[in-house]
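An overview of the molecular structure
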Amino acid sequence: NNVYVCGIAHENGFPMPSGGLHDTYIGGGTDAFVVKLSSDGSTILNGTFWGTEGIDIPFLMDLDNKDDVVIFGQSHEEIEHYPPTVYSQPNSYQFISAFTKDLTELKYSTTVGGGQKNQWSYTPGLVPVAFMVDDCGYIYFSGYYAESGLETTSDALFTNCTHCYVYLGVLEAEAQGLYYATYYTGNHVDGGTSRFDEKG
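Residues numbered from 1 in each chain as written. Predicted model: local features only at pLDDT ≥ 70, side-chain atom pairs only at ≥ 80, totals over all residues. Heavy atoms only, no water.

1. Some points on the overall build of the protein
Within the protein, the secondary structure is distributed over zero helices and 13 strands. If you list the helices and strands of the protein from N to C, you get β-β-β-β-β-β-β-β-β-β-β-β-β. Whereas a compact globule of 200 residues would reach a radius of gyration of roughly 16 Å, the protein reaches 17 Å, a difference of no more than 12%. The principal-axis extent of the C-alpha atoms belonging to the protein is close to 50 × 45 × 30 Å. Taking all 200 residues of the protein together, the buried fraction comes to 49%. Considering only contacts within the protein whose residues lie at least 6 apart along the sequence, 60% involve residues at least 24 apart. About 9,800 Å² of surface is accessible on the protein, with carbon and sulfur atoms providing 47% of the total. Charge separation in the protein, taken as the distance between the mean sites of 7 positive and 25 negative side-chain charges, equals 7 Å. (Helix = DSSP H or I, 4+ residues; strand = E, 2+ residues; numbered from the N terminus. Rg over C-alpha atoms; globule rule 2.2 N^0.38 Å. Buried < 20%, exposed > 50% of the residue type's maximum accessible area, 1.4 Å probe, protein only. Contact = heavy atoms within 4.5 Å. Areas by Shrake-Rupley, 256 points an atom, 1.4 Å probe, with all protein chains shown as cover. Lys, Arg positive; Asp, Glu negative; His and termini not counted. Charge placed at Lys NZ, Arg CZ, Asp CG, Glu CD.)

2. Brief notes about unusual backbone geometry
Residue Pro83 is reached from Tyr82 by a cis peptide bond, and omega for that bond is -10°. Assignment of secondary structure puts Pro83 in the loop between β5 (69-75) and β6 (94-99). Positioned with a positive phi, Asn91 is a non-glycine residue whose angle comes to about 55°. Here Asn91 shows up in the loop between β5 and β6.

3. Things to note about the packing of aromatic side chains
A complete count under the given rule lists twelve aromatic pairs for this structure. On the numbers, 5.8 Å between centres and 75° between planes, the contact of Tyr25 with Phe49 is edge-to-face. Note that Tyr25 is positioned in the loop between β1 (3-9) and β2 (31-37) and Phe49 in strand β3 (residues 44-50), a separation of 24 residues in sequence. Of the residues examined, Tyr25 reaches a relative accessible area of 16% and is grouped as buried. (Phe/Tyr/Trp six-rings, centres within 6.5 Å; stacked < 30°, edge-to-face > 60°.)

4. Some details on the environment of Gly115
Here Gly115 is to be found in strand β8 (residues 115-117). Spatially, the C-alpha atoms of Gly115 and Asp67 are 30 Å apart, while their sequence positions differ by 48 residues. Ignoring anything within four residues of it in the chain, the contact list for Gly115 reads Asn91, Tyr93, Thr123, Pro124, Gly125 and Glu147.

5. Topic: the sheet that holds strand β11 (residues 139-146)
Read from one edge of the open sheet, four strands run β10-β11-β12-β13, paired in antiparallel fashion. Single-partner strands in this sheet number two, and they are β10 (127-133) and β13 (178-184). For this sheet, the mean inter-axis angle between neighbouring strands, taken without regard to orientation, is 15°. The sheet contact formed by β11 and strand β12 (residues 165-171) spans six bridges and is antiparallel. The residue bridging Tyr140 from the neighbouring strand is Val170, located in β12. (Pairing = 2+ DSSP bridges. Axes fitted to C-alpha atoms, helices over the stretch in contact; angles between N-to-C directions.)

6. Brief notes about the side chain of Asn46
Take Asn46: it is sitting in strand β3. Look at Asn46 and you get buried, because its relative accessible area is 11%. Contact partners of Asn46, with chain neighbours within four places excluded, come to Pro17, Ser18, Gly19, Gly20, Val34, Val35, Lys36, Asp102, Leu103 and Thr104.

7. Here we look at the sheet that holds β1
If you trace the three strands from one edge of the open sheet to the other, you get β1-β2-β3, paired in antiparallel fashion. Of all the strands in the sheet, just β1 and β3 have a single pairing partner and so form its edges. Looking at each pair of strands side by side, their axes are set apart by 20° on average, direction ignored. Note: β2 against β3, six bridges, orientation antiparallel. When the bridges of β3 are listed, Lys36 appears paired with Asn46.

This is the structure:
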């Protein structure tokens, strides 16, 4: 009955206890954070900062079938994927990262959804809107404002993007590969909201 919370933290004043993977602020405008609270919400049992030297924002979180804590977010810098054997979409600014339930170790981290950055601006390849890890460990994610050039699978509904905006992806357990990915639709959508259930 412990409670997990993710969000964004600034450098000063965040009550992060010692003992987590990154118990000190990493850097940049904001860090992502994950904390584990006691069941009555009165105590932070453990926690970690996560991200890069830039701005890092976790949008969504779930627990997988091993009770590892998995977050889906966005960064203004490229996050390195770890370990190198996991699937990753190169040059991406959206991350999926998993931690042990005590938040002391990183299980894996990967990048999805593309993006662009130059010396003047940063453009995400995807705005996260939904996330879930199902009963078999498969990782579902979706977003809108999807840019062209994102990887799709052979059974995709739409394999290219002409004002389609919505993108849906499913990774194999522990991000070992891309199981399914599609754009939706092939026409035009201003935004989109998705929901997943634990049976996929």
